[in-house]
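Structural characterization, general
Here's the letter readout for the chains.
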2 protein chains.
Amino acid sequence: MVNHPEGILAVARAARLASTLLQSVTTEHKAEALLRIRQVLEERRDQVFEANLLDKQHAEPLVAQETLSSSLFARLDLTGGTKYATILTGITDIISLPDPNNRVTLATRLDDGLDLYRVSCPVGVLLTIFEARPEVVVNISCLALKSSNAVILKGGKEATHTNAVLADAIREALGSLPEGNPIPKDAVQIVETREEISALLDLDRYIDLVVPRGSNSLVKFIQNNTRIPVLGHADGLCSIYVDKNADVEKAVRVITDSKTSYPAACNSVETLLLHESLLADPSIVLHRVAASLFERSVHLRCDPTTHAALAHLFPATSPLASLFSVSTPADYDTEFLALTMAVRAVGSVEEAVAHVNEHGSKHTDAIVTEDAAIADYFLTSVDAAGVYLNASTRFADGFRYGFGAEVGVSTNKTHARGPVGLEGLVIYKYRIYGNGHATTDYSGSGPDTRTYLHQTIPEAEYKVGRRG
Amino acid sequence: MVNHPEGILAVARAARLASTLLQSVTTEHKAEALLRIRQVLEERRDQVFEANLLDKQHAEPLVAQETLSSSLFARLDLTGGTKYATILTGITDIISLPDPNNRVTLATRLDDGLDLYRVSCPVGVLLTIFEARPEVVVNISCLALKSSNAVILKGGKEATHTNAVLADAIREALGSLPEGNPIPKDAVQIVETREEISALLDLDRYIDLVVPRGSNSLVKFIQNNTRIPVLGHADGLCSIYVDKNADVEKAVRVITDSKTSYPAACNSVETLLLHESLLADPSIVLHRVAASLFERSVHLRCDPTTHAALAHLFPATSPLASLFSVSTPADYDTEFLALTMAVRAVGSVEEAVAHVNEHGSKHTDAIVTEDAAIADYFLTSVDAAGVYLNASTRFADGFRYGFGAEVGVSTNKTHARGPVGLEGLVIYKYRIYGNGHATTDYSGSGPDTRTYLHQTIPEAEYKVGRRG
């Protein structure tokens, strides 16, 4: 653990050195290290729980003073139910995932004896900055190791003791690997003070990728204060458009699940766009959707058109009339993360796409329709990491996608987008295997000038890696 | 053409709008547009040459005053030899490349009727900032269109007239497409004044990727002044390590080509690392390599060990003694871009890797050796976009790699690395095709709880795109 900004450079250098050693580590050695981490964390369970108790004791008065939210406090706890067991199982799951490195994605014979390969390899050094939720220490450390990256962790101050004990256990595990396993202790490092964040964000020479996990303001601060690429998302403003040819049952199911199954999640829906034809009297779609949402205490903030239609269905005398109100323009740019949703009528799928591209956060957006051409237009034209037809936005999740483990969800337009598994933590390098080849042999127009073959190399002849 | 910073926001918004239209454009419509561009550029040849003459007339006094380098002046010219014809042929080449969009790289059946696809799609809006070399206007516009991206171009002031005529021709071509072709004129826009760069670099809301083409200082300025991802490289500090088991002929060929075939290129070698055993008397490798380089007027800046060995081979009385001198530490961090090279002795491949990872620019590095294990260690542990065995660093080039066209060479550790073709201008989105599916059906442990299938979808059943 490092507590002084002047130590930060040493931490970053040690991470870079560890990263070089990790470049050539085998899948087997990584599995051995991850198993050892699981073992030490199992042995240290009581110590982790003691530290966690201490953190919770410190946090309790903050919750009472309302300087710490009760949801953050809840996420701090590691001792309840099967939480710790789930963390340990997560390590086993990561071990069983395929190694993302050493996959050949391009193999071209440039000439006889001159072969080009594009091979996946680790990004290098990761920096994870996260709030509360101390299991991130274990989860991200294991994902980093599995993908052969070194990682520097910076946790929230509420979980200082828990984070420190978890990181110590991981480092002890790496320090006690059988002889011959080259994974160094410094593959995982933790830093503690807030001042160190700025120092770390400046070290683009040593750190290759920042993975923030936490509030919108934390992520925005990081995005605005570093030249290092940042993988993740600040906002999760998802929208659903219900087309005039929507199936009413599908609309009810998709919207209800998207809004109410976990309103605080980034993949919950925040804006509902309705084709204006659905507002005509009697509006079965509007009635059914609103009734389902009202039943689950969802409050709708509606533009004048949809408000009028709702007021017709649920007059002022109705006990449900308190669950909808007229929206303000800001509502369409708000990630409520609560049982509140902005509603707007649109005249066409084009207008819906324009609204989503202007107000959404490029996370996940859905259309409900039975019209294949309109669906294709929406799915093609909406610029988001996830575009869904007749399915809940809450499917935007690495486990649901079948990735096994998730670093987070990215709304970036480069590198990794959407739910990010191990693949988001690797890049590639080009390898050329030659035999003394020079480029000048291929230039000019003399009789001896060689020409490039540019033939695909059969997998059986690969000099490195495996098809992937 | 826009000349006022207040117009920049309008340019960026128009580009974003064009980008939305480009999302659904077909390969055929793109080919039609590119052909039309070629046709209009052919028709406007005289006008382009006139503008180019004007730019050259303005630039001549700057060359005389030494405020413009003669190499920049040479790159400004479009009228000489087959240059203009080559630009036109380049368009035909881009037409014939495969469309990088709509490729499915993951297709998973999550459940019956619930299918997940990862499909390549355009990044969105590109910003290219470049110096002199006006053919970049044509090249990047065509690569952007081929990959369905909108592009904003900002050229160097030396080529203002040529750039404007070229961009006008391209926009006229897009404005005169047959009815039914949806590609808008604003898919390609050009801005002219330097003040606009800062304004554009701030518009991360509208611009998705910056592709700078130019000097180290231009690229560094851009990297340090925007939150938008930057694709490219500032430095090209490539190294070659000659191992103790190197073949002398291969060493001579690889080093000579890497250093002398085009010294001003980013993929030319700048540092030569020699295993110390190669310096023992009589050093055939050192002698042969040095002789080949001296013959081509390469100046070597050597550490004391290699300097002493060279002084032994080429005593002060030799006419070649003036071609080597003792290096300073800064020489190992210098991209000479000239017939000068830093030379250093190292004790092992580990030391060579440490030097390259510390001083190199992660562009392209090579090893010359006959030892497969040492080669593998070097290729695995050197953290660079290109790592070569017994081949010239100058192979680092999109055309030589067989990519057909090149946006530039990236030393990024995320998104696209190495020579970047059309693939670097696309990202992907996840599409889900459902049937009213809700996530709550898959949570809990009741008898009706569904489980995810996570099966690969056969290509014949794809609802979108093609395997790629």
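Residues numbered from 1 in each chain as written. Chains lettered and ligands numbered in written order. Predicted model: local features only at pLDDT ≥ 70, side-chain atom pairs only at ≥ 80, totals over all residues. Heavy atoms only, no water.

Per an unreviewed UniProt entry, chain A carries the name glutamate-5-semialdehyde dehydrogenase and comes from Jimgerdemannia flammicorona. For the record of chain A, the UniProt heading Sequence similarities (unreviewed entry) holds the text "Belongs to the gamma-glutamyl phosphate reductase family." Entered under Catalytic activity (unreviewed entry) in the UniProt record, the comment concerning chain A runs "L-glutamate 5-semialdehyde + phosphate + NADP(+) = L-glutamyl 5-phosphate + NADPH + H(+)". (UniProt positions renumbered as here; feature names shortened; annotations may be inferred.)

1. Things to note about the relation of the copies chain A and chain B
You can overlay chain A on chain B at an RMSD of 0.0 Å; the transform is a turn of 180° with a shift of 0.0 Å along its axis. Here the symmetry operator amounts to a two-fold rotation axis. Looking at the rotation axis and the C-alpha trace of chain A, the residue lying nearest is A:His415, at 1.8 Å. The overlap is high: 100% of the interface residues of chain A also sit at the interface in chain B, so the same surface is used on both sides. (Least-squares fit on C-alpha atoms with pLDDT ≥ 70 in both. Contact = heavy atoms within 4.5 Å.)

2. Considerations on the confidence of the model for chain A
Across chain A, the average pLDDT comes to 94, with 99% of residues at 70 or higher. Complex prediction metrics read pTM 0.93 and ipTM 0.93. (pLDDT = per-residue confidence, 0-100.)

3. Section: the domain arrangement of chain A
Where interface size is quoted, it is often the accessible area lost as the parts come together. Domain parsing of chain A yields domain 1 (5-100 + 116-224) and domain 2 (238-403). Computed from C-alpha coordinates alone, the two centres of domain 1 of chain A and domain 2 of chain A are separated by 37 Å. (Domains from an automatic or database assignment.)

4. Some words on the interface of chain A and chain B
In this assembly, 76 residues from chain A lie in contact with 76 residues from chain B. In total, chain A and chain B occlude about 6,500 Å² of area from one another, counting both sides; carbon and sulfur atoms represent 51% of this. If you sort the residues of chain A by the area they bury against chain B, A:Phe395, A:Lys413 and A:Tyr430 come out on top, with a joint share of 10%. For the pair chain A and chain B, the interface holds twelve salt bridges. The salt bridge involving B:Glu358 is made with A:Arg205; its shortest N-O contact spans 3.6 Å. Here the element with the most residues in the side of chain A that touches chain B is strand E16 (residues 426-437) of chain A; it accounts for eleven residues. When its residues are assigned to classes, the side of chain A that touches chain B shows 32 nonpolar, 25 polar and 19 charged. Examined bridge by bridge, strand E13 (residues 386-391) of chain A and strand E16 (residues 426-437) of chain B share five bridges and lie parallel to one another. Counted as the bridge partner of A:Val387 is B:Arg431 from E16(B). (Buried area = accessible area lost by both parts, 1.4 Å probe. Salt bridge = Lys/Arg side-chain N within 4 Å of Asp/Glu carboxyl O. Helix = DSSP H or I, 4+ residues; strand = E, 2+ residues; numbered from the N terminus. Nonpolar A, V, L, I, M, F, W, Y, C, P; charged D, E, K, R; others polar. Pairing = 2+ DSSP bridges.)

5. Quick look at the pairing of strand E11 (residues 340-346) of chain B
Residue and element names in this part refer to chain B. The element E11 is extensively covered by neighbouring structure, given that six of its seven residues are classed as buried. In the sheet, strand E8 (residues 269-275) pairs with E11 via five bridges, with the strands oriented parallel. By the bridge assignment, His-275 is partnered in E11 with Val-346. Pairing analysis gives four bridges linking strand E9 (residues 299-302) to E11, with the strands arranged parallel. Within E11, the residue paired with Arg-301 across the bridge is Ala-342. (Buried < 20%, exposed > 50% of the residue type's maximum accessible area, 1.4 Å probe, protein only.)

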